[in-house]
Amino acid sequence: MTTVLHTESSLGLGGQEIRTLDEAVAVAARGWRVLIACQPRSRLHERARARGFEPRALRMRGPWDVGAVLRIAGLIRRERVDVVHTHSSIDGWLGGMGGRLAGVPIVRTRHVSIPIRRGLNPVYRWLADRVITSGEAIRALVIAAGVPPDRVIPMPAGVRLEEFETLTGGEEMARSLGLSRPVIGSVAMFRGSKGHHVLLEAFSLVRQRHPTARLLLVGDGGRRAWVESLAKERGLAAAVLFTGFRPDVPALLSAMDCFVLASTRTEGVPQSLLQAFAAGVPVVASAVGGVPEVVQDGVTGLLVPPGDPPGLARVIEAVLEEREGAAARARTAMALVKERFSQDASISRLLALYGDLLELRQDKCRGI
């Protein structure tokens, strides 16, 4: 059985970690053996267990943690790992060096659109045989950092379309959450780049014209308490619902009248955005990173410059007040995600990439 080892040094649980875990489940269903090495007591460790894996707890203290490199190399040899797949900054170094010591191919996924420092960039140029990016915008950043274009593969996360086929509308979910209409929602980890503070300011402006509006914020993270305090300061506590991490994202999306992604600094092609497309929810998003690759302004959604609460409020109001146009954009977006972003197609591309690297390794061993 062919084995892939995912390494992840992050302690949190956001879109990056959820994508990694979802892909691990799908790859295992295709007959591969999947191992996950992550930090002890991390959220990913907890979720991986809940999804049926036996994650390997491996402390990764920093990019020069020699002990962690040796432990990863030992794990690769002991478990006969065929491919290593790294994801975050620290494990990009450690998993990459462990993979090089063990002599196996290494895939690195670049999930975020933060510019990469030019120069040697060992994680991308030496410690990865291929770099996956979640869209063309991030691919351009990786190439600009000196990685040969033929080694950088754009591959956005896929959506499990079958989870959206049985949605019957969100009235029951909205009632169960005690939400009045209209419902404006977002699904995102609470970190600074996600722009929750911008969304709160915009929502306060929307409430002036739509006093019954409610804001549904799905997700968790280190800045959640700060955002909750901002909601209280603005007198919005009763109008904003924080759900925390939820596994029933499709049902929650179906309860929304408008999905908003207010990111301010970095994005690939976010999975929550594609899920909103699949759920048929009209979308508003800031034009950051890879977002404009899928949100074509006026066609599949509405775009607004990042960090602009009044502008964001105006486009949210356009969704709420111009229902026919919003519904038409949502239908176009749903067709796009069905055509280009199914998880089945994404996993097939991923496994083909793994297979190509294993074939190259075999050719090298044979001296071809």
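So, how was this worked out
Residues numbered from 1 in each chain as written. Predicted model: local features only at pLDDT ≥ 70, side-chain atom pairs only at ≥ 80, totals over all residues. Heavy atoms only, no water. Salt bridge = Lys/Arg side-chain N within 4 Å of Asp/Glu carboxyl O. Helix = DSSP H or I, 4+ residues; strand = E, 2+ residues; numbered from the N terminus. Phe/Tyr/Trp six-rings, centres within 6.5 Å; stacked < 30°, edge-to-face > 60°. Buried < 20%, exposed > 50% of the residue type's maximum accessible area, 1.4 Å probe, protein only. Lys NZ or Arg CZ within 6 Å of the ring centre and 35° of its normal. Right-handed = clockwise from strand over helix to strand, strands pointing away. Pairing = 2+ DSSP bridges. Contact = heavy atoms within 4.5 Å. Axes fitted to C-alpha atoms, helices over the stretch in contact; angles between N-to-C directions. Parallel < 35°, antiparallel > 145°, perpendicular 65-115°, else oblique. Left-handed = near helix turned anticlockwise from the far one by under 90°.

1. Section: the pattern of salt bridges
- Applying the stated rule across the entire model yields 17 salt bridges.
- A salt bridge links Arg209 to Glu321; the nearest nitrogen and oxygen atoms lie 3.0 Å apart. Of this pair, Arg209 sits in helix α8 (residues 196-209) while Glu321 is found in helix α12 (residues 309-321), placing the two residues 112 residues apart along the sequence.
- Salt bridges linked by common partners bring Asp22, Arg51, Arg160 and Glu163 together as one network.

2. Overview of the packing of aromatic side chains
- Taken as a whole and judged by the stated rule, the model has three aromatic pairs.
- Summarising the aromatic geometry, the rings of Trp64 and Trp93 are spaced 5.0 Å apart at their centres and angled 50 degrees between planes, so their arrangement reads as tilted. Taken together, the residues span a long stretch of sequence, with Trp64 in the loop between β3 (56-57) and α3 (66-78) and Trp93 in helix α4 (residues 89-102) at a distance of 29 residues.
- Judged by its relative accessible area of 63%, Trp64 is exposed.
- Looking at Trp93, the relative accessible area reads 19%, which means it is buried.
- Measuring from ring centre to ring centre gives 6.0 Å for Phe190 and Phe242, while their planes differ by 35 degrees; the resulting arrangement is tilted. Taken together, the residues span a long stretch of sequence, with Phe190 in the loop between β8 (183-187) and α8 and Phe242 in strand β10 (residues 240-244) at a distance of 52 residues. Comparing Phe190 with Phe242, the two get one shared label, buried.
- Its end group placed over the ring of Trp226, Arg223 keeps NZ or CZ at 4.3 Å from the ring centre.

3. Remarks on the pairing of strand β1 (residues 3-8)
- Extensive coverage of β1 is indicated by the burial of six of its six residues.
- On the question of chirality, the crossover connecting β1 to the parallel strand β2 (residues 33-38) by way of helix α1 (residues 15-29) is right-handed.
- Bridge analysis of β1 against strand β4 (residues 83-86) gives four bridges, and the strand direction is parallel. Bridge assignment links Thr7 to a residue of β4, and that residue is Thr86.

4. With respect to the environment of Phe245
- On the secondary structure map, Phe245 appears in the loop between β10 and α10 (249-254).
- What makes Phe245 partly exposed here is its relative accessible area of 27%.
- Residues Phe245 and Val218 lie 27 residues apart in sequence; the distance between their C-alpha atoms is 6.4 Å.
- Aside from chain neighbours lying at most four places away, what touches Phe245 is Leu13, Ile18, Arg43, Arg47, Gly219 and Asp220.

5. Looking at the environment of Arg331
- Tracing the backbone shows Arg331 in helix α13 (residues 323-340).
- On the basis of relative accessibility, which here comes to 56%, the residue Arg331 falls in the exposed class.
- The spatial distance from the C-alpha of Arg331 to the C-alpha of Ser186 is 19 Å, given a sequence separation of 145 residues.

6. Overview of the packing of α8 against α12
- The geometry of α8 relative to α12 is characterised by a closest axis approach of 8 Å and an angle of 50 degrees between their N-to-C directions. Considering the angle they form, α8 stands oblique to α12. As α8 packs across α12, the resulting crossing turns out to be right-handed. Each of Val198, Leu199, Glu201, Ala202, Leu205, Val206 and Arg209 in α8 lies in contact with α12, whose residues at this interface are Pro309, Pro310, Leu312, Ala313, Ile316, Glu317, Leu320 and Glu321.

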